[in-house]
Amino acid sequence: MIPGFTLELILYSTALGLVSIGLAGLVLSHHLFRIVLALVIAEAGANLMLVLAGYRWDAVAPILTTLGEQPQMVDPVPQAMVLTAIVIGVGIQALAVSILIRIRQRYHTLDRNEVAELMDAEIAATAGTARDVSQEAPLGERPIPPITDDAVQVRGGRS
Amino acid sequence: MRNLTGLLFAGGLGFMLLSIAINLDFGTPTMLIGGAIQSNALQKTGATNIVTSVVLGYRGIDTLGELSILFAAAASAGLILGRRHTTAGTQTAGGFVLRHGGSMLFPLLMTIGFYIIFHGHLSPGGGFQGGVILAAAFFLPLLARPGAQLHHGTLSLIEGLAGASFVLIGLIALQQGKAFLQPMLIQDTLGVLLSAGTLPLLYLAVGLKVGAELASLLSHLAQTESDA
Amino acid sequence: MTLNLMETAALAILGGAVVLSLLRLLLGPTAPDRVVAADTLAVITTSGLVVLAALLASPLYLDVALIYGTLAFVGVVAIARAIEGNGS
Amino acid sequence: MVDLEIWIALLLGLMTLSAAILVLLVKNHIAAVAAASVVSLGLALLFVLMRAPDVAMTEAAVGAGLSSLILALAVKRLGLWRIDGKTTRSSLLVTNTRREKDA
């Protein structure tokens, strides 16, 4: 065996790779559903890293099987944290999915840039102002216009 | 340009974590808190599964917080999806194998779920895992027969009662002059099913709450109207 | 610790099975190929968990295999219903 | 024993990482969901190897059952089961060419 090539190193690089892949997917993907999947991967990597923090190479699982003299055990505290983190992760995932369903119903697309553009246009139409063309050159100062009747209707109407 | 920035960000984060890793010694944690918990858990809580004694005994109020986060996620997902349900019968029903396999698997899944919940203080498992299994068991008939409905009123009733009994057990401990949610240890033999004082009751409450929440979340997701 | 013949054979067979299904998962030209490969990996994992429980000499890990075996069915059925399509 | 664990962890880590890359690269969304369930499968085995049976059980229940259930329902509700990854804007056009491009 190569010295320095330990189990912890393999586990750590797996966790590191999962977090990096998840983050890269989070920034690079253009499809919103793919972004949710990337979030799931990054979360899995973070869980692996947390459990690795309490791992001992010469220990047994933190469950007592005999009374009396106990063998060395792994740290139970990170495991208890990860236990609840996984269940909460699935709740967050369901929430993200339901938001995606709403976005799809309203804008009929799931591309990140298109959704952002449509949302911008809708906000601008509701407020009765012109849209910002780009982030670098905004339109300058805009007085808040009085709310007209059709703006009120737009706001309250379509769902 | 934007892709390049993203890749640079991910790569830089990976490099940072790697350079942190060189200075850490994984595999031999010092375990100051963990060691103290391991030597005291059996006398203080009576559970042979030390993870259970950490989740419910030492960090019980954290678990209450996690339950409320899960409740908030499920409630807001239901709020976002709304009440507009699709009409029954638009989906194709499952085939013969799926329908009868689902009916035969339902009692098996219920048994496994309650086994996992009730043995949470003795062997690996507990309320969170058992609750997930219960939710899957109740959702399986919906997968086979799309027209079927889960009764949302009953689910909210179970969820509310389970959450209230979790808090109530904590308050009883407070009333007996202990800290909130401190486990009340009844002296009995270790390692049998009815041991560890109030911990199995707390895990039963957690399991029912998680199961009811996830089942109602899944049926909301399955029955929402799709216009794709 | 030395492995006896049965354990060596079980590990070799499981490793080969994992590699083969992983190849199908990575190469598989269509989506149903990949889904079937994932299902096969779930079955292999269930038996792998049992072998790990035997290697670590502790019956505690058998519960994990039980849960995995029953719930992988539910997940794969859901994915199959999604492939079936015409849900709307 | 430790040597054996290293080899097992190497195989599982490679499986997890390649499935994670596949999640981001594959075009079809259903295949991506299947690959995500493979990621959590590898994680459950790694947790068993790290002597954490509680966490492994949670990961097995959530990753194999509930997460793929939710994501598969989402694929169905979002109508992604017939759309290739890139061409999201017109599902009509994709439906015609789906025979060739289905992957």
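Here the focus is the overall build of chain C. The number of helices and strands found in chain C is three helices and zero strands. Sequence-ordered secondary structure for chain C, helices as α and strands as β, is α-α-α. A buried classification covers 49% of the 88 residues belonging to chain C. Contacts in chain C between residues far apart in sequence, at least 24 positions, make up 40% of those at least 6 positions apart.

Looking only at helices and strands, one finds five helices and zero strands in chain D. Shown N-terminal to C-terminal, the secondary structure of chain D runs as helices and strands in the order α-α-α-α-α. A total of 103 residues make up chain D; the buried ones form 70% of that total. Of all intrachain contacts in chain D linking residues separated by at least 6 positions in sequence, the fraction that spans at least 24 positions is 51%. For chain D, the exposed surface amounts to about 3,100 Å²; the carbon and sulfur share of it is 62%.

This part takes up the interface of chain D and chain B. Between chain D and chain B, the residue contacts involve 15 residues of the former and 17 residues of the latter. Of the roughly 1,500 Å² buried where chain D meets chain B, counting both sides, 73% is carbon and sulfur surface. Counting the contacts that link chain D with chain B gives zero salt bridges. Between the two partners, chain D and chain B, sit four residue pairs in polar contact (both at pLDDT 80 or more). For the side of chain D that touches chain B, the residue count by class is nine nonpolar, two polar and four charged.

Between chain A and chain D, the contact holds 44 residues from the first and 47 residues from the second. Regarding the contact of chain A and chain D, the summed buried area is about 4,100 Å², with carbon and sulfur atoms giving 78% of it. Put simply, chain A and chain D have zero salt bridges between them. The interface formed by chain A and chain D includes six residue pairs in polar contact (both at pLDDT 80 or more). Those elements that provide at least two residues to the side of chain A that touches chain D are helix 1 (7-28), helix 2 (32-53) and helix 3 (76-107) of chain A. Across the side of chain A that touches chain D, the residue classes tally to 32 nonpolar, eight polar and four charged.

This part takes up a nonpolar patch on the surface. On the surface, Val167, Leu168, Leu171, Ile172 and Leu174 of chain B cluster together to form a nonpolar patch covering roughly 400 Å² of accessible area. Examined against the element boundaries, Val167 of chain B turns out to sit in helix 7 (residues 152-175).

For the rest of this paragraph, the subject is the packing of aromatic side chains. All names here are of chain B. A full pass over the atoms with the stated rule returns two aromatic pairs over all chains. Between Phe106 and Phe138, the ring centres sit 5.6 Å apart and the planes meet at 70 degrees, which makes this aromatic pair edge-to-face. A residue pair is termed long-range when its members are at least 10 positions apart, and Phe106 in helix 5 (residues 96-118) and Phe138 in helix 6 (residues 127-144) qualify at 32 residues. A relative accessible area of 35% places Phe138 in the partly exposed class. A ring pair is formed by Phe114 and Phe118, whose centres lie 6.2 Å apart and whose planes are at 25 degrees; its orientation type is stacked.

Of all residues except glycine, most have a negative phi; of all peptide bonds, most are trans. One non-glycine residue, His108 of chain A, adopts positive backbone phi at about 60 degrees. For His108 of chain A, a relative accessible area of 52% translates into the label exposed.

Moving on: empty space enclosed by the protein. Tallied over the full model, the rule gives three cavities of 30 Å³ or more. Quantified by volume, the largest cavity comes out at close to 250 Å³. Breaking the lining of the largest cavity down by element, the ones donating at least two residues are helix 2 and helix 3 of chain A together with helix 2 (29-49) and helix 3 (53-77) of chain D. Residues belonging to the lining of the largest cavity are distributed by class as follows: 12 nonpolar, eight polar and two charged. Each pocket or cavity is described by its volume, and for the second largest cavity that value is around 120 Å³. In terms of lining residues, the second largest cavity is bounded by 13 residues, among which Ala38, Ala42, Ala72 and Val76 of chain C together with Ser37 of chain D are the most central. Only helix 2 (31-55) and helix 3 (62-84) of chain C together with helix 2 and helix 3 of chain D provide two or more residues apiece to the lining of the second largest cavity. Per element, the largest residue contribution to the lining of the second largest cavity is five residues, and it comes from helix 3 of chain C. Looking at the lining of the second largest cavity, its residues break down into nine nonpolar, three polar and one charged.

With 14 residues, helix 2 (residues 32-45) of chain B extends 19 Å between its outermost C-alpha atoms, agreeing within 8% with the 20 Å of an ideal straight helix rising 1.5 Å per residue. If you check which residues of helix 2 of chain B are buried, you get Gly34, Ile37, Gln38, Ala41, Leu42 and Thr45 of chain B. Of the surrounding elements, those touching the buried residues of helix 2 of chain B are helix 3 of chain A together with helix 3 (50-58) and helix 8 (199-223) of chain B. Taken from the residues just after helix 2 of chain B, Gly46 of chain B is the one with a positive phi, measuring 80 degrees.

Now for the confidence of the model for chain C. Overall, the predicted model of chain C reaches an average pLDDT of 85, with 94% of residues at or above 70. When mean pLDDT is compared element by element in chain C, helix 1 (residues 5-27) of chain C scores highest at 90, while helix 3 of chain C scores lowest at 85.

Okay, the pattern of salt bridges next. As enumerated under the stated definition, the model contains four salt bridges over all chains in all. Put simply, Glu122 of chain A and Arg106 of chain A hold a salt bridge, and the shortest N to O gap is 2.1 Å. Pair noted here: Glu122 of chain A is in helix 4 (residues 112-127) and Arg106 of chain A is in helix 3, with a separation of 16 residues, a long-range link. For Arg59 of chain B, the salt bridge is made with Asp62 of chain B, and the minimal N-O distance between the two is 2.6 Å.

In this section: the environment of Thr16 of chain D. Mapping Thr16 of chain D onto the fold places it in helix 1 (residues 2-25). C-alpha separation for the pair Thr16 of chain D and Gly42 of chain D, spaced 26 residues apart in sequence, amounts to 5.4 Å. Excluding residues that lie within four positions of it along the chain, Thr16 of chain D makes contacts with Thr14 and Leu18 of chain A together with Val39, Gly42 and Leu43 of chain D. Here Leu12 of chain D takes part through its backbone oxygen, which lies 2.7 Å from a polar atom of the side chain of Thr16 of chain D.

A rise of 1.5 Å per residue sets the reference length of helix 8 of chain B, with its 25 residues, at 36 Å; its end C-alpha atoms lie 36 Å apart and thus fit the reference within 8%. The buried fraction of helix 8 of chain B amounts to 22 of the 25 residues, a majority that puts the element mostly inside the structure.

Moving on, we get to the packing of helix 3 of chain A against helix 3 of chain D. Contact geometry for helix 3 of chain A and helix 3 of chain D: axes closest at 10 Å, N-to-C directions at 0 degrees. When the interaxial angle is binned, helix 3 of chain A and helix 3 of chain D end up roughly parallel. Two secondary-structure elements touch here, helix 3 of chain A through Gln79, Val82, Leu83, Ile86, Val87, Val90, Gln93, Ala94, Val97 and Ile101 of chain A and helix 3 of chain D through Asp54, Val55, Thr58, Glu59, Val62, Leu66, Ser67, Ile70, Leu71, Ala74 and Arg77 of chain D.

Basis of the calculations
Residues numbered from 1 in each chain as written. Chains lettered and ligands numbered in written order. Predicted model: local features only at pLDDT ≥ 70, side-chain atom pairs only at ≥ 80, totals over all residues. Heavy atoms only, no water. Helix = DSSP H or I, 4+ residues; strand = E, 2+ residues; numbered from the N terminus. Buried < 20%, exposed > 50% of the residue type's maximum accessible area, 1.4 Å probe, protein only. Contact = heavy atoms within 4.5 Å. Areas by Shrake-Rupley, 256 points an atom, 1.4 Å probe, with all protein chains shown as cover. Buried area = accessible area lost by both parts, 1.4 Å probe. Salt bridge = Lys/Arg side-chain N within 4 Å of Asp/Glu carboxyl O. Polar contact = N/O pair within 3.5 Å; in protein donor to acceptor, adjacent residues only side chain to side chain. Nonpolar A, V, L, I, M, F, W, Y, C, P; charged D, E, K, R; others polar. Patch = residues over 30% accessible without salt bridge, like charges linked within 9 Å, V, L, I, M, F, W, Y side chains within 5 Å. Phe/Tyr/Trp six-rings, centres within 6.5 Å; stacked < 30°, edge-to-face > 60°. 1 Å grid on protein atoms, 1.4 Å probe; cavity = no way out; pocket = protein on both sides within 12 Å on 5 of 7 lines; lining within 4 Å. Points joined across faces, edges and corners; volume = space filled by probe spheres on them. Expected span 1.5 Å × (residues − 1). pLDDT = per-residue confidence, 0-100. Axes fitted to C-alpha atoms, helices over the stretch in contact; angles between N-to-C directions. Parallel < 35°, antiparallel > 145°, perpendicular 65-115°, else oblique.

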